[in-house]
Number of protein chains: 2
Amino acid sequence: MNTKLIFTNNVADTLEKYVAENNFSDIFVHVDVNTAKFVMPILESQSETIRKAHKITSPAGDDNKNIEQLTGLWKQLSDAQATRSALFINLGGGMVSDLGGLAAATFKRGLTVVNVPTTLLSAVDASVGGKTGINFNGFKNHVGLFYCPDVVIISTVFFQTLTNYDMLSGYAEMIKHAMLKGKQCFDKVMAYDVTLPPVNPDALIGLIKESVLIKKDVVDADPHESGLRKVLNYGHTIGHALESLAVNDRKSTLAHGFAVAQGLVVETVLSNMLKGFDSAELHKLATYVKNSYGPYDITCDDYPKLLEYMRQDKKNIDSGNIDFVLLSDFGKPEINVTVSEKDICVALDIYRDLMGI
Amino acid sequence: MNTKLIFTNNVADTLEKYVAENNFSDIFVHVDVNTAKFVMPILESQSETIRKAHKITSPAGDDNKNIEQLTGLWKQLSDAQATRSALFINLGGGMVSDLGGLAAATFKRGLTVVNVPTTLLSAVDASVGGKTGINFNGFKNHVGLFYCPDVVIISTVFFQTLTNYDMLSGYAEMIKHAMLKGKQCFDKVMAYDVTLPPVNPDALIGLIKESVLIKKDVVDADPHESGLRKVLNYGHTIGHALESLAVNDRKSTLAHGFAVAQGLVVETVLSNMLKGFDSAELHKLATYVKNSYGPYDITCDDYPKLLEYMRQDKKNIDSGNIDFVLLSDFGKPEINVTVSEKDICVALDIYRDLMGI
């Protein structure tokens, strides 16, 4: 990954410097209605680059990562006569960088992309690693590609306006990264209360940097997810299935991080069942998730639908199988573990017990 | 470019061997209605792999390189539960590999692609180099990306059913490659009559191989068209504008190669005007194009539209400018030459004189 990561609390100056060092024909800033309202005015007041740039606004929410919005972005770039030497800045959460990244990567075969994540979730996850995508045919990120941003500017200044709910949503990925790294990391993350008001940017930035670098190391070693990178899907096979269930069958939404938090518990149950992951650590995780996130209410009637979504997961090697990342211990992931539907149902039962539902 | 080029007259065996050496979860063959009718039955009779594969058929013609067909391909892959380990074979001309390549590159962030070009044009051009794309908002290949096929299997056996018109369409790219290489190559290509019946596959394959390798060398040196690769656009700035004029304003079609042939003449006029390209060689080219392809009928009333299409060309560095590849001599291209609208109009006037229109 050639992406440069910049950790800073001065986003405007960083952007001005970057633009001055390069020779872009034009600058586009992609936001959603939320970042248009809460973040754009701040950056505009500080940065002439942002003030002068073309603005492209998408509606907010993961269900707008769709073909219609993608086509709309292409249309706006085309009508503005964007050339391939244009810069495309994604200012927002994962939805903004997933959708905008795909549009920019495929417009005239690729513009230069800079991501400025405005949520904890996108700072530690979506903005790094080059994954772009939209939902399609009822499946999450079914269409997309790997396209690395040139620069990611990570700052905690935007988090001041986030809710505890937003912070927790991002924190689930940090728990995941910690579990992939080692027990020391995990204990540090378990000990920090991301919901304590007021959010302390300085205390948090150290944890974020550590977390992002865990991800970056993995992505650098395997940019196209042919093997190792799959470890980053820990918690996500179940997590994505829960999100699909929420959106498609319950016509509701489930924040990605909240889905992943549940997924981490279920997949750590599987790790315990099939790979001997420590029982006490599983209980520590389950208690943290139960207390901080609460359970997601499912019954055994939901299992067939959930299994169907899991079978469609991009990471399955053979059609029909369901593959997981499982941990034998902290820092010891194993990829492509095919798990039987029976074992998955047992793990879901145990999850419900642990969560008291 | 990691693409492996295989020149063979036994496509079926080559495919069987390739599939046997790899471990694909599933195989999809993408054709258009023409290759479905004329080529698929032959390959099916020779190859169990092709016989058993999922078939995906697109309508024929460049105007079907659009968002609706792209979405249709994604839908068929999704409904067939294609995993990321699937193989996607494009069996057809440039339309099949441009559209199919984009669909395969963006489905679940990328399947393995093999191109089997069935026309001379796609053999020497579209199937090599990783460009994929669809037309959008009235512009050709406005949306797309670079995605290299794993293997390209090039054979002249499919050309037996092509018309002289098809052969000439492909030959224009071979003229272009020859001009980029050197005078000796150019003379060889000018001396061969691709329209002579019957097409002699053995005589042609040598010329094709030479031509494809010229392109491959350029692509290998600059896979993402940041510089050198732009030389391959010689003749295409004008060529694409003529195609856009035909489709958008005349509601007709103009075969890509026929458009490029005209474009080569106009851009060689510019090369002569601005870079001192030899006058006698320009006349040799113009005579060949006039006799083999005939002129494309334009008047000065078409110039404003043509200029508008040129301004939208992906290769322009600054919005508003029109950039060309020009030759000071055979094998001596210069990229990013910004040309004034006045000079372009003069060159179009001279083109019309040369063509007698």
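Structure's up top.
Residues numbered from 1 in each chain as written. Chains lettered and ligands numbered in written order. Predicted model: local features only at pLDDT ≥ 70, side-chain atom pairs only at ≥ 80, totals over all residues. Heavy atoms only, no water.

Draft legend 1. Focus on the overall build of chain A. In terms of regular secondary structure, chain A is built from 15 helices and ten strands. By the compact-globule yardstick of 21 Å for 357 residues, chain A fits well, its C-alpha radius of gyration being 20 Å. On the principal axes, the C-alpha backbone points of chain A span a range of 55 × 40 × 35 Å. When contacts within chain A are restricted to residue pairs at least 6 apart in sequence, those whose partners lie at least 24 apart make up 77%. Carbon and sulfur atoms make up 51% of the accessible area of chain A, which totals about 13,000 Å². Positive and negative charge centroids in chain A, built from 34 and 42 side chains respectively, lie 4 Å apart. (Helix = DSSP H or I, 4+ residues; strand = E, 2+ residues; numbered from the N terminus. Rg over C-alpha atoms; globule rule 2.2 N^0.38 Å. Contact = heavy atoms within 4.5 Å. Areas by Shrake-Rupley, 256 points an atom, 1.4 Å probe, with all protein chains shown as cover. Lys, Arg positive; Asp, Glu negative; His and termini not counted. Charge placed at Lys NZ, Arg CZ, Asp CG, Glu CD.)

Draft legend 2. Representation of the pattern of salt bridges within the structure. Summed over the entire model, instances satisfying the criterion amount to 42 salt bridges over all chains. One salt bridge in this structure joins K140 of chain B and E243 of chain B, with 3.5 Å as the shortest N-O distance. Taken together, the residues span a long stretch of sequence, with K140 of chain B in strand β7 (residues 139–146) and E243 of chain B in helix α11 (residues 236–249) at a distance of 103 residues. Measuring nitrogen to oxygen at the nearest pair gives 2.8 Å for the salt bridge that ties D302 of chain B to R250 of chain B. Of this pair, D302 of chain B sits in the loop between α13 (279–292) and α14 (303–311) while R250 of chain B sits in the loop between α11 and α12 (256–275), placing them 52 residues apart in sequence. Given the relative accessible area of 14%, D302 of chain B is considered buried. Salt bridges here are not isolated pairs; linked through shared partners, they connect D62, K65, D98, K140 and E243 of chain A. (Salt bridge = Lys/Arg side-chain N within 4 Å of Asp/Glu carboxyl O. Buried < 20%, exposed > 50% of the residue type's maximum accessible area, 1.4 Å probe, protein only.)

Draft legend 3. The relation of the copies chain A and chain B, seen in detail. Here chain A sits on chain B after a turn of 180° about the axis and a move of 0.0 Å along it, with an RMSD of 0.0 Å. In short, the pair behaves as if placed about a two-fold rotation axis. When the interface residues of chain A are mapped onto chain B, 100% of them again lie at the interface, so the same face is used by both copies. (Least-squares fit on C-alpha atoms with pLDDT ≥ 70 in both.)

Draft legend 4. Up close: the interface of chain A and chain B. With 37 residues of chain A in contact, the opposing surface of chain B contributes 37 residues. Among the residues chain A hides against chain B, the three largest losses belong to R84, K108 and R109 of chain A. Together they make up 22% of the total. In this structure, the connection of chain A to chain B is made through zero salt bridges. Linking chain A to chain B there are 16 residue pairs in polar contact (both at pLDDT 80 or more). Residue assignment for the side of chain A that touches chain B shows that the elements contributing at least two residues are α5 (67–79), α6 (94–106), β6 (131–136) and β7 (139–146) of chain A. (Buried area = accessible area lost by both parts, 1.4 Å probe. Polar contact = N/O pair within 3.5 Å; in protein donor to acceptor, adjacent residues only side chain to side chain.)

Draft legend 5. Fine view of the packing of α11 of chain B against α14 of chain B. Residue and element names in this part refer to chain B. Contact pair α11 / α14: the axes reach a minimum separation of 9 Å and the direction vectors enclose 120°. One finds that α11 runs oblique with respect to α14. Note on packing geometry: the crossing formed by α11 with α14 is right-handed. Mapping the contact onto sequence places T237, I238, A241, L242, S244, L245, N248 and D249 in α11 and K305, L306, Y309 and M310 in α14. Taken together, the residues of the contact of α11 with α14 break down into seven nonpolar, three polar and two charged. (Axes fitted to C-alpha atoms, helices over the stretch in contact; angles between N-to-C directions. Parallel < 35°, antiparallel > 145°, perpendicular 65-115°, else oblique. Left-handed = near helix turned anticlockwise from the far one by under 90°. Nonpolar A, V, L, I, M, F, W, Y, C, P; charged D, E, K, R; others polar.)

Draft legend 6. How the structure looks around the sheet that holds strand β4 (residues 87–92) of chain A. Residue and element names in this part refer to chain A. If you trace the six strands from one edge of the open sheet to the other, you get β1-β8-β5-β4-β2-β3, paired in parallel fashion. Among the strands making up the open sheet, the edge pair consists of β1 (4–7) and β3 (54–58). Geometrically, the sheet is characterised by an average inter-axis angle of 20° between neighbouring strands, direction not taken into account. Where strand β2 (residues 27–32) lies against β4, four bridges are found, and the strand directions are parallel. Each bridged residue has a counterpart across the sheet, and for V29 the counterpart in β4 is I89. Each of β2, β3, β4 and β5 (112–117) is contacted by α6, which is oriented at about 165° to β4, the strand it contacts most. (Pairing = 2+ DSSP bridges.)

Draft legend 7. The side chain of E281 of chain A, seen in detail. Structurally, the position occupied by E281 of chain A is in helix α13 (residues 279–292). Those residues in contact with E281 of chain A, other than ones at most four positions away along the chain, are K183, F186 and F330 of chain A.

Draft legend 8. Expanded view of the packing of aromatic side chains. Throughout the structure, instances matching the rule amount to 16 aromatic pairs over all chains. On the basis of an interplanar angle of 40° and a centroid distance of 5.7 Å, the ring pair of Y18 of chain A and F24 of chain A is categorised as tilted. The buried category is assigned to Y18 of chain A, whose relative accessible area is 10%. Grouped by ring-pair contacts, the aromatic residues Y165, F258 and Y293 of chain A constitute a single cluster. The positively charged end of R109 of chain A is found above the aromatic ring belonging to F146 of chain B, 5.9 Å away from the centroid. (Phe/Tyr/Trp six-rings, centres within 6.5 Å; stacked < 30°, edge-to-face > 60°. Lys NZ or Arg CZ within 6 Å of the ring centre and 35° of its normal.)

Draft legend 9. Geometry of the sheet that holds strand β4 (residues 87–92) of chain B. Residue and element names in this part refer to chain B. Reading across from one edge, β1-β8-β5-β4-β2-β3 is the order of the six strands in this open sheet, with parallel pairing throughout. Of all the strands in the sheet, the pair left with one neighbour each is β1 (4–7) and β3 (54–58). Averaged over all pairs of adjacent strands, the angle between strand axes in this sheet comes to 20°, irrespective of strand direction. Pairing geometry for strand β5 (residues 112–117) and strand β8 (residues 151–154), over two bridges, is parallel. Bridge assignment links V114 to a residue of β8, and that residue is V151. Against the sheet, helix α6 (residues 94–106) touches β2 (27–32), β3, β4 and β5, its axis set at about 165° to β4.

Draft legend 10. Spotlight on the environment of H240 of chain A. All names here are of chain A. Considering the arrangement of structural elements, one finds H240 in helix α11 (residues 236–249). Given a relative accessible area of 13%, H240 falls into the buried group. The spacing of H240 and F139 is 101 residues in sequence and 8.9 Å in space, taken between C-alpha atoms. The residues contacting H240, other than those within four sequence positions of it, are K140, H256, D313 and K315.

Draft legend 11. Representation of the state of the cysteines in the model. Residue and element names in this part refer to chain A. Evaluation of the coordinates by the stated rule reveals zero disulfides over all chains. C300 forms no disulfide, and the closest cysteine sulfur to it belongs to C345, at a distance of 8.9 Å. Under the relative-accessibility criterion, C300 is labelled partly exposed at 46%. (Disulfide = S-S within 2.5 Å.)

Draft legend 12. Quick peek at the pairing of strand β10 (residues 332–338) of chain A. Residue and element names in this part refer to chain A. Examined bridge by bridge, strand β9 (residues 323–329) and β10 share five bridges and lie antiparallel to one another. The partner of L326 across the bridge, within β10, is E334. The hairpin formed by β9 and β10 contains two residues between the paired strands, and G331 there has a positive phi angle of roughly 75°.

Draft legend 13. Quick peek at the packing of helix α9 (residues 183–191) of chain A against α13 of chain A. Residue and element names in this part refer to chain A. Where α9 meets α13, the closest approach of the two axes is 12 Å, and the angle between their N-to-C directions is 25°. Compared by their axis directions, α9 and α13 come out roughly parallel. For the crossing formed where α9 meets α13, the hand is left-handed. Only E281, K284, L285 and Y288 of α13 make contact with α9, whose side of the interface consists of K183, F186, D187, V189 and M190.

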